[in-house]
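Observations on the three-dimensional arrangement
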Amino acid sequence: MIPLLLSPLADEFILFNLARYLTFRAGAACMTALFVALVFGKSVIEWLRSFQRGGQPIREDGPQSHLLTKKGTPTMGGVLILLSLSVSVLLWADLRNGFVWAVLFVTLGYGALGFVDDWLKVTKRNTKGVSGRAKLVAQGGIAFIAALWFMWLLPPGLSDNLAVPFLKEVLIPLSIVFPFVAAFVMMGSSNAVNLTDGLDGLAIVPVMIAAAVFALIAYLVGNRIFADYLQLHGVPGAGELAVFCSALIGASLGFLWFNAPPAAVFMGDTGSLALGGALGSIAVATKHEIVLAIVGGLFVVETLSVIIQVFWFKRTGRRVFLMAPLHHHFEKKGWAEPTIVIRFWIIAMVLGLIGLSTLKIR
């Protein structure tokens, strides 16, 4: 397929017969997103700094070191990620593909919600932003629309079923319940990444690892020959999401350039909600919802640490962890921030490899 919005150089690409190859466009999407992020990164950060008095509000009950090292750092850096991602996807993806638009809808919809949340935080100078109930309602609405959209795009035999990893022939029929399950996957993924985003670089690298895994999954399930050989549930058209995932990796790499410790910008809810929503929607589109819980196991553990902490404190008045999410617990134990981040990255890499093992490669 030829991208619809290619520059005049498209004719030369056609001559070399490159633009029709999915792998070429995926690589080009990654490099384009990285280039856009690096070129416009400083300008975006200066723009964010121009209207944020004092940068992102820091939790008073959080680690005291954050009040010293992170105070004044601008937030809403997710704008840079979404800008780079969108430009790259529109340039290199086949815009006639419904899966691309459905995933982009979730990503930008959650990004807009996160932007409003961040805007309220920086303008009102508190850490509350959009109320929890309003945020869940907005997330649920976007996710439910996307779930119905995916059901319309998916083949009849897969549209309302849940695939089980390792058990290639097993499909759990959910019927009318599927849109709610799919919406839960997208909402859960979005909020899980949001909870993980608490240290410089902590969330963005696991997102890239998950995106790389799903780039491969999307390519395989979208290719009938590979899907049949690996005994995967084929999803015609889903291969185009490999381009989206590659653009997501490039945009995240560009953001990491500015988010590396000490961070010049935080992604904020603008980025974390959007990135988590993107991963969740891609998992639904490729019929690997359960695999996302494995690949994104770090996000799951971080979320569970918050749930366990709140539940146990309400029941007993005592805490299981020194502080939740889990990365703050290790901060309280005296671990250095780079130590926590790099060790969590290692865990994310291992979980990504385990997720890949669900593919039956013979």
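Attention in this report is confined to the structure presented alongside it. (Residues numbered from 1 in each chain as written. Predicted model: local features only at pLDDT ≥ 70, side-chain atom pairs only at ≥ 80, totals over all residues. Heavy atoms only, no water.)

This part covers empty space enclosed by the protein. Considering all chains together, one arrives at 1 cavity of 30 Å³ or more under this definition. The calculated volume of the largest cavity comes to roughly 130 Å³. Taken together, 16 residues line the largest cavity, and the ones lying closest to its centre are Ala163, Val164, Pro165, His233 and His288. The greatest single-element share of the lining of the largest cavity, amounting to 3 residues, is contributed by helix 12 (residues 289–295). Residue classes in the lining of the largest cavity are distributed as 9 nonpolar, 4 polar and 3 charged. (1 Å grid on protein atoms, 1.4 Å probe; cavity = no way out; pocket = protein on both sides within 12 Å on 5 of 7 lines; lining within 4 Å. Points joined across faces, edges and corners; volume = space filled by probe spheres on them. Helix = DSSP H or I, 4+ residues; strand = E, 2+ residues; numbered from the N terminus. Nonpolar A, V, L, I, M, F, W, Y, C, P; charged D, E, K, R; others polar.)

This part is about the layout of surface pockets. With a probe scaled to a water molecule rolled over the atoms, the places where space remains empty come into view. If you add up the space inside the second largest pocket, you get close to 500 Å³. Around the second largest pocket, the lining is made up of 20 residues, and of these Phe184, Val185, Gly188, Ser189 and Val300 lie nearest the centre. When residues of the lining of the second largest pocket are traced back to their parent elements, those giving at least two are helix 7 (178–196), helix 12 and helix 13 (297–316). The greatest single-element share of the lining of the second largest pocket, amounting to 8 residues, is contributed by helix 7. The residue inventory of the lining of the second largest pocket, partitioned by class, reads 14 nonpolar, 5 polar and 1 charged.

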